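Structure assessment
Residues per chain are reported as follows:
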Amino acid sequence: MADSASIAEEASRNGSSNGNHSANGRSPSLGGAAGGLSRIGYGAARAGAGVMAGLAGRAARDMARRLTADLDDRDPDYIRENLPLSWLFASIWYRAEVRNLANIPEDGPVLLVGNHTGGNMAPETITFTLAFSTFFGVERRFHQLAHNLVLASPLGPFLRNFGTVAASHDNAKRALDAGAAVLVFPGGDWEVHRPSWQGDKIDFGGRKGFIRLALERDVPIVPVVTIGGQETALWLSRGDWLARLLRLDKRFRLKVLPILIAPPWGLDIGDFLPRIPLPAKITSEVLPPIDIKDRFGDEPDLDEVYAHVTRVMQDTLDALSSERRFPLIG
């Protein structure tokens with residue numbers, strides 16, 4: 001980078017140091033000084049670009065770390081220490097209620113299938129995880145699969161300690177093979193960012209991977225139905241058209257870029273920034289296990305299984321919806 005000495009030297013060569021003028025009356029020092037300032041500006045720009053590149057690199061590494069969370073990130077000691085206060089917060093803020101946890105088999109691998117609500121903060125992931133650990137104890141292995149936006153959110157580090165990992169078929173298989181209970185949300189980002197007026201609809205988007213997973217690992221499906229999360233903000237649109245326009249589906253596997261209204265920002269595009277969720281009552285209900293082969297045969301029709309699972313979940317969601325008198329209040 002140019003310094004004051006080089007600027008003086010350049011000015012001297014161009015006659016500015018002794019006040020001489022050229023025959024046309026212009027100061028020949030202007031061109032030299034401008035060149036020196038140009039070099040300063042160029043050097044500063046390079047330094048600034050380097051700083052920005054460093055910050056972007058750290059952000060990218062942090063994002064990659066969050067999205068590659070593995071099963072060993074679950075920390076029973078952390079859960080034990082934070083469970084009482086976390087459950088107290090969930091009970092006060094969300095008035096969380098989780099029904100019929102006894103429908104979950106007492107041990108062994110099981111695939112819990114839930115509807116996804118509440119955007120990137122996904123309150124049911126928190127409330128159900130806290131209730132599960134309280135009911136079965138922190139030593140029982142329990143993992144939750146969440147889409148990338150949830151893990152990239154400010155809640156990501158907290159959730160990782162409680163066993164949340166990036167949603168993928170491989171992560172789910174490894175967790176089940178380790179004997180864990182695994183909570184999946186087939187609707188993913190498509191369902192979790194649906195408009196608020198569709199909050200009482202099960203919408204897996206036709207995704208049947210959870211059925212194949214249960215058949216491959218020969219584990220029962222236990223549906224978990226939640227209501228209230230879509231009242232923690234006002235979702236206006238999934239923004240799937242915006243995600244396609246920005247090619248987010250190709251770059252980050254994001255099929256939506258939600259548009260919502262939430263405090264403290266007001267209008268929020270993407271649901272990336274930390275926000276204050278509205279204190280809506282969150283209610284979850286666990287349904288009886290479904291043994292696919294026992295109910296549908298050794299070679300079940302996936303469409304038939306999908307229709308059955310989503311139907312029983314929708315029936316339960318309708319019943320939970322009928323109990324609610326007012327938004328937020330429940």
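Up top is the structure these notes are about.
Residues numbered from 1 in each chain as written. Predicted model: local features only at pLDDT ≥ 70, side-chain atom pairs only at ≥ 80, totals over all residues. Heavy atoms only, no water.

With respect to the pairing of strand S10 (residues 283–286)
Our working definition: Exposure classes here rest on a 1.4 Å probe applied to the protein chains alone. A residue is buried below 20% of its type maximum, exposed above 50%, and partly exposed in between. The way it works is that DSSP assigns letters per residue, a run of H or I at least four long becomes a helix, a run of E at least two long becomes a strand, and they are numbered from the N terminus. One bridge is not enough; two strands pair if DSSP finds at least two bridges between them.
In S10, alternate side chains face the same way, and those of Thr283 and Glu285 on one face and Ser284 and Val286 on the other are all buried. Alignment of strand S1 (residues 97–99) against S10, held across three bridges, turns out to be parallel. Across the sheet, the residue bridging to Glu97 is Thr283, located in S10. Pairing of strand S6 (residues 221–227) with S10, which is carried by four bridges, proceeds in the antiparallel orientation. Across the sheet, residue Val225 finds its bridge partner in S10, namely Glu285.

As for the sheet that holds strand S9 (residues 266–269)
The criterion, for reference: The axes are straight lines fitted to the C-alpha atoms, using for helices just the contacting stretch, and the angles between their N-to-C directions are given from 0 to 180°.
The strand order across the open sheet built from three strands is S7-S8-S9, with neighbouring strands paired in antiparallel fashion. With partners counted over all chains shown, the strands left at the sheet margins are strand S7 (234–237) and S9, one partner each. Going across the sheet, the axis of each strand differs from the next one's by a mean of 30°, ignoring polarity.

Things to note about the sheet that holds strand S5 (residues 181–184)
For clarity, the threshold we go by: When checking whether two residues touch, look at their non-hydrogen atoms; a contact exists if any pair is within 4.5 Å.
The seven strands lie next to each other as S1-S10-S6-S2-S5-S3-S4, forming an open sheet whose pairing is mixed. Looking at which strands have only one partner, the edges of the open sheet turn out to be S1 and strand S4 (164–166). Sheet twist, expressed as the average angle between the axes of neighbouring strands with direction ignored, equals 25°. Pairing geometry for strand S3 (residues 142–146) and S5, over three bridges, is parallel. Residue pairing across strands places Gln144 opposite Leu183, the latter belonging to S5. This element, helix H7 (residues 169–177), spans strand S2 (110–114), S3, S4 and S5 of the sheet and lies at about 155° to S5. Packing against the sheet, helix H9 (residues 209–217) makes contact with S2, S5 and S6, and its axis sits at approximately 170° to S2.

What about the pattern of salt bridges?
This is how it is decided: Salt bridge, as used here, is a side-chain nitrogen of Lys or Arg placed within 4 Å of a carboxyl oxygen of Asp or Glu.
For the coordinates displayed, the defined rule picks out 15 salt bridges. Arg80 is the salt-bridge partner of Glu139, the closest N and O atoms lying 2.5 Å from each other. With Glu139 in the loop between helix H4 (123–136) and S3 and Arg80 in helix H3 (residues 76–93), this pair connects stretches of sequence that are 59 residues apart. Residue Glu139 is classed as exposed on the basis of its relative accessible area, which comes to 53%. Note that Asp303 is salt-bridged to Lys208, the shortest N-O span being 3.4 Å. Of the two residues, Asp303 is situated in helix H13 (residues 302–323) and Lys208 in the loop between helix H8 (188–192) and H9; the sequence distance between them amounts to 95 residues. Each of Glu97, Arg99, Lys281, Glu285 and Glu323 takes part in one network of salt bridges that share partners.

Re the packing of aromatic side chains
Definition in use: Between rings of Phe, Tyr and Trp, where Trp is taken as its six-membered ring, a pair exists when centres lie within 6.5 Å; planes separated by under 30 degrees are stacked, by over 60 edge-to-face, and by other angles tilted. Counted as over-ring charges are cases with an Arg CZ or a Lys NZ within 6 Å of the ring centre that also lie within 35 degrees of the ring normal.
Counted under the stated rule, the structure contains twelve aromatic pairs. Their ring planes at 40° and their centres at 4.7 Å tell us that Phe132 and Phe136 sit as a pair that is tilted. Taken together, the residues span about one helical turn, with Phe132 and Phe136 both in helix H4 at a distance of four residues. On the basis of relative accessible area, Phe132 is assigned to the buried category, the value being 0%. For Phe136, a relative accessible area of 19% corresponds to the buried category. A network of ring pairs unites the aromatic residues Phe128, Phe132, Phe135, Phe136 and Phe142 as a single cluster. For Lys208, the ring lying beneath its charged end belongs to Tyr306, and the centroid distance is 5.1 Å. A cation sits over an aromatic face here: Arg238 above Trp190, 3.8 Å from the ring centre.

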